[in-house]
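Tertiary structure, described
Residues per chain, in single letters:
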Amino acid sequence: MIRRSLLTAVLILVGSVALAPKTMAQTVDVPFTGTVTGACNFGQVTPGSLGVNQPSNPTTLASNYSEGVFGQVSVTCNAPSQLTVSQPVQTGGPNFTPIFSDAMVNSLFGSTNATDGSPLMLPPGSPMMLNVDMIADKGSPLTPGTYDYKVTLTVTP
Amino acid sequence: MFPRLVLISIFILTISVVLTRNAYAQTTETCIFSQTVSGELVGDGGTLPTQLVSFSTAGGSPTQISVHCEEPVNLSVSEPIQIAGPAFQPVSSLVTVETANGGSTNSRSGSPLSLPVGTTPVVINLFVDKGSLLAPGNYRYGIKFTIVP
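Note that the structure is predicted; figures quoted are calculated from it, not measured.

**Digging into the sheet that holds strand 12 (residues 145-148) of chain B**
All names here are of chain B.
- Pairing within the open sheet is antiparallel, and its three strands lie in the order 9-5-12. Only two strands of the sheet have a single neighbouring strand rather than two, namely strand 9 (113-115) and strand 12. Within the sheet, the average angular offset between the axes of one strand and its neighbour, ignoring direction, is 30°.
- Sheet topology note: the strand 5 (residues 73-77)/strand 12 ladder contains four bridges and is antiparallel. When the sheet's bridge partners are listed, serine 76 is paired in strand 12 with threonine 146.

What follows is the structure, encoded as structure tokens:
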């Protein structure tokens, strides 16, 4: 009699377990979409300064002469990008047309200049520091004064 | 006597299995989901985003769906599941589900959202943080609901 009750109890228990409410996972496709485009950001620009090629009757301005300092700017891209640099453009001082001018960008990843034209290839990721150099050769003695130039960096993701 | 008991037990068990199957069949129909507005993710963090968000404050749009349930249920939601785009492992992610009357749940909290019988509109927001620059591409995420009657 005890065994029979036990068997009944076991079977009822099995039935109850099978009947227990089931946790039902309903899978629903709720999509979210978004697009990230290739982009680059320049950091704050540190202006450079220009030195002269000789103390007396200088004819050439450049940032790699003594007294000169490279300009600096950092750039950050989320995709492989190409960087180009323009020729220097005079923005102040006694105006002249140089017989030769160029601007150069140097980085850990390579360099480019305005004359050659082949761009600097930048990898995506962390900010990269760029050193910007320029030269303007008048070919004759420079008039005394304070000269200002700018070069334009263009980055294309 | 013993065989009769076995017979009765088998009968009960069979009934139980049949009833259980019916119960399973019902639960698959417990709630019906219909999307009313599809969500849009935008990059957050300036021109070089590190996060994708659907929050309207950031310029995205949440997904809005209607949930129609035949019985009261508890709804919980999964973490975002990446379906397309440059793959990455997020450092942080979150899905929030809110109803108009202030009820809510999210993919981190343990407390599910109670939904009454009938139709309840819910608003779903999604947030994924890569922790570094997001590669350019078209990203797509999905989420999964778990319904407990």
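There is more to say, and it comes next.
**Structural notes on the layout of surface pockets**
Residue and element names in this part refer to chain A.
- In this model, the largest pocket occupies a volume close to 430 Å³.
- In terms of lining residues, the largest pocket is bounded by 21 residues, among which Pro47, Gly48, Tyr149, Lys150 and Val151 are the most central.
- Every element with two or more residues in the lining of the largest pocket is listed here: strand 5 (71-77), strand 11 (128-137) and strand 12 (148-150).
- Residue composition of the lining of the largest pocket, grouped by class: 11 nonpolar, seven polar and three charged.
- Roughly 170 Å³ of volume is contained in the second largest pocket.
- For the second largest pocket, the full set of lining residues is Leu50, Gly51, Val52, Pro58, Leu61, Leu142, Thr143, Pro144, Gly145, Thr146 and Tyr147.
- Counted by class, the lining of the second largest pocket contains seven nonpolar, four polar and no charged residues.

The rules we used
- Residues numbered from 1 in each chain as written.
- Chains lettered and ligands numbered in written order.
- Predicted model: local features only at pLDDT ≥ 70, side-chain atom pairs only at ≥ 80, totals over all residues.
- Heavy atoms only, no water.
- Pairing = 2+ DSSP bridges.
- Helix = DSSP H or I, 4+ residues; strand = E, 2+ residues; numbered from the N terminus.
- Axes fitted to C-alpha atoms, helices over the stretch in contact; angles between N-to-C directions.
- 1 Å grid on protein atoms, 1.4 Å probe; cavity = no way out; pocket = protein on both sides within 12 Å on 5 of 7 lines; lining within 4 Å.
- Points joined across faces, edges and corners; volume = space filled by probe spheres on them.
- Nonpolar A, V, L, I, M, F, W, Y, C, P; charged D, E, K, R; others polar.

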